[in-house]
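# Examination of the molecular architecture
This is what each chain is made of:
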Amino acid sequence: PIQPRLGVVDGVGAGVAVAALPGEAKYTACGACHGANGGGGVGPQLSGQTAEYIVNRLNQYKAGEKVGSQSNMMWAQAGGLSDTDIQDLAEYVTTF
């Protein structure tokens with residue numbers, strides 16, 4: 001579910017609720033390789049992937065499985081994620 005976040009938008013509207021997904025803050029580290037909007041870069045493109053795909057892939061990395069040539073870069077990243085973190089990230093990525 002979308003959690004309201006209070007903030008200022010364009011310098012006006014202090015205290016106005018702005019919708020934010022929990023995975024948005026967690027994605028900051030992902031964006032370094034996958035791009036701010038999931039367009040890819042060092043890592044593959046994530047935009048256009050389903051939440052199920054992202055959850056499955058992160059769980060594979062978390063389990064130390066090799067699923068591609070850059071798996072070793074993802075093992076430590078996914079290893080520190082909880083099941084909730086993984087679900088939150090997957091839901092956020094589907095918004096790209």
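Since this is a predicted model, take the numbers as computed values, not measurements. (Residues numbered from 1 in each chain as written. Predicted model: local features only at pLDDT ≥ 70, side-chain atom pairs only at ≥ 80, totals over all residues. Heavy atoms only, no water.)

### What to know about the nonpolar core
In this structure, Y27, I54 and L58 are the most contacted members of the largest nonpolar core, which totals 15 residues. Elements with a contribution of two residues or more to this core: α2 (51–62), α3 (71–79) and α4 (83–93). With 5 residues, the single largest contributor to this core is α4. Excluding anything up to four places from it in sequence, I54 contacts L46, Q49, A90 and V93. (Core = buried A, V, L, I, M, F, W, Y, C linked by side-chain atoms within 4.5 Å. Buried < 20%, exposed > 50% of the residue type's maximum accessible area, 1.4 Å probe, protein only. Helix = DSSP H or I, 4+ residues; strand = E, 2+ residues; numbered from the N terminus. Contact = heavy atoms within 4.5 Å.)

### A look at α4
Buried within α4 are the following residues: D85, I86, D88, L89, A90, Y92 and V93. Elements that come into contact with the buried residues of α4 comprise α1 (23–34) and α2.

### Some remarks on the packing of α1 against α4
One way to put it is that α1 packs onto α4 with a least axis distance of 8 Å and a crossing angle of 85 degrees. Considering the angle they form, α1 stands roughly perpendicular to α4. Where α1 approaches α4, its residues G23, E24, K26, Y27 and C30 are matched on the opposing element by D85, D88, L89, Y92 and V93. Among the residues making up the contact of α1 with α4, the classes are represented as 5 nonpolar, 1 polar and 4 charged. (Axes fitted to C-alpha atoms, helices over the stretch in contact; angles between N-to-C directions. Parallel < 35°, antiparallel > 145°, perpendicular 65-115°, else oblique. Nonpolar A, V, L, I, M, F, W, Y, C, P; charged D, E, K, R; others polar.)

### Some remarks on the pattern of salt bridges
Within the structure shown, the criterion is met by 3 salt bridges. Here D88 makes a salt bridge to K26, at a shortest N to O gap of 3.1 Å. Residue D88 is located in helix α4, and its partner K26 is located in helix α1; the two are separated by 62 residues in the primary sequence. The salt bridge partner of K62 is D83, with a shortest N-O separation of 3.9 Å. A residue pair is termed long-range when its members are at least 10 positions apart, and K62 in helix α2 and D83 in helix α4 qualify at 21 residues. Among the ionic contacts, a cluster of salt bridges with common partners joins K26, D85 and D88. (Salt bridge = Lys/Arg side-chain N within 4 Å of Asp/Glu carboxyl O.)

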